[in-house]
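Here are the chains, one letter per residue:
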Amino acid sequence: MKEKIIKLMMELVSLKSLTGTADENLASDYIYKFIRNLDYFKMHPEYCGNIPIEDDSKGRHIPYCFIRGKSGDTVILSGHFDVVDEADYGEAKEMAFTPGKELEMLLARNKMSKIQSADMKSGEWIWGKGTADMKGGVAIDLALVEEYSNQALKEELKGSVLFMAVPDEESYSA
């Protein structure tokens, strides 16, 4: 599951879904496509969608899905996929959406606190716009949606699961 989460996170991070822009739909479309392509939702397309936000000037969407288990007890998974601009990345601004060694080398040139520097040297962190918050969390949610939808196909899912990810959390939450 760890590899699946990292792969999903890297793909989500690569999408420049800046808050307050129509580019937030890059992430909502990616999430919806991921969900829609799972076997469970091929069998139950009525349980997933990508709802347009009413009267939204940017035309943004909210991807969601519902996995019906053996009971109505429901766990809700949620997150957001917008990110603030990359100005805080300094010289590394152009690489903020491309996690990897090149980004880390550029970031290492920036002035860092002792804690940030220790984190960078530890090798335990993945650096990139949204890795430790919104996009990392949504990647975990999507990996769980895949796992739980597979359990539901085998009629092994005890409760139900509702997932929804939103744009525009970083500003005014349209």
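Residues numbered from 1 in each chain as written. Predicted model: local features only at pLDDT ≥ 70, side-chain atom pairs only at ≥ 80, totals over all residues. Heavy atoms only, no water.

A. Structural view of the environment of Q151. The residue Q151 is located in helix 6 (residues 134–153) in this model. It is 12 Å that separates the C-alpha atoms of Q151 and L38, two residues lying 113 residues apart in sequence. In contact with Q151, not counting residues within four places along its chain, are E156 and L157. At 3.0 Å, the side chain of Q151 and the side chain of E147 are in polar contact. (Helix = DSSP H or I, 4+ residues; strand = E, 2+ residues; numbered from the N terminus. Contact = heavy atoms within 4.5 Å. Polar contact = N/O pair within 3.5 Å; in protein donor to acceptor, adjacent residues only side chain to side chain.)

B. Seen up close, the state of the cysteines. Taken as a whole and judged by the stated rule, the model has zero disulfides. A disulfide-free cysteine, C48 has its sulfur positioned 7.0 Å from the sulfur of C65, the nearest such atom. Taking relative accessible area as the criterion, C48 reaches 8% and is therefore assigned buried. Of the residues examined, C65 reaches a relative accessible area of 0% and is grouped as buried. (Disulfide = S-S within 2.5 Å. Buried < 20%, exposed > 50% of the residue type's maximum accessible area, 1.4 Å probe, protein only.)

C. Broad picture of helix 4 (residues 101–108). Taken together, the buried positions of helix 4 are occupied by L103, E104, L106 and L107. Buried residues of helix 4 fall within an arc of 165° about the axis and therefore sit on the same side. For helix 4, the exposed residues set more than 90 degrees away from the buried face come down to K101 and M105. Along its buried surface, helix 4 packs onto helix 5 (114–122). (Arc of directions from axis to C-beta.)

D. Expanded view of the packing of helix 1 (residues 2–13) against helix 2 (residues 24–36). Between helix 1 and helix 2, whose axes approach to 10 Å, the crossing angle comes to 145°. Along the contact surface, helix 1 presents K4, L8, E11 and L12, while helix 2 presents Y30, I31 and F34. Across the contact of helix 1 with helix 2, the residue classes tally to five nonpolar, no polar and two charged. (Axes fitted to C-alpha atoms, helices over the stretch in contact; angles between N-to-C directions. Nonpolar A, V, L, I, M, F, W, Y, C, P; charged D, E, K, R; others polar.)

E. Just unusual backbone geometry, in detail. Unlike most non-glycine residues, D55 shows phi in positive territory, near 60°. Inspection of the secondary structure puts D55 in the loop between strand 1 (48–52) and strand 2 (61–67). If you check the backbone angles, E155 has positive phi at about 60° while not being a glycine. Relative to the elements of secondary structure, E155 occurs in the loop between helix 6 and strand 4 (160–166).

F. Here's a closer look at the nonpolar core. With 31 residues, the main nonpolar core has I31, I35, F41, L142 and F163 as its most contacted residues. Looking at this core, the elements that each hand over two or more residues are helix 1, helix 2, helix 3 (39–43), strand 2, helix 6 and strand 4. Listed in part, the 13 residues of the second largest apolar core include L18, A92, M120 and M134. (Core = buried A, V, L, I, M, F, W, Y, C linked by side-chain atoms within 4.5 Å.)

G. Region of interest: the packing of aromatic side chains. This model, assessed by the stated rule, comprises three aromatic pairs. Taking the centre distance of 6.3 Å and the plane angle of 25° together, the rings of Y40 and Y47 count as stacked. Overall, the relative accessible area of 4% leaves Y40 in the buried class. An aromatic cluster of at least three residues, connected via ring pairs, comprises Y40, F41, Y47 and F66. (Phe/Tyr/Trp six-rings, centres within 6.5 Å; stacked < 30°, edge-to-face > 60°.)

H. The arrangement of the pattern of salt bridges in detail. Under the criterion given, the structure shown has eight salt bridges. One salt bridge connects E24 with R60, and the closest N-O pair in it is separated by 2.7 Å. With a gap of 36 residues between them, E24 in helix 2 and R60 in the loop between strand 1 and strand 2 connect regions that are remote in the sequence. The pair formed by E24 and R60 is uniform in burial state, with each residue classed as buried. Salt-bridge contacts for D56 lead to R60; the nearest nitrogen and oxygen are separated by 2.6 Å. An identical accessibility class is assigned to D56 and R60; each is buried. Salt bridges sharing common partners tie together E24, D56 and R60. (Salt bridge = Lys/Arg side-chain N within 4 Å of Asp/Glu carboxyl O.)

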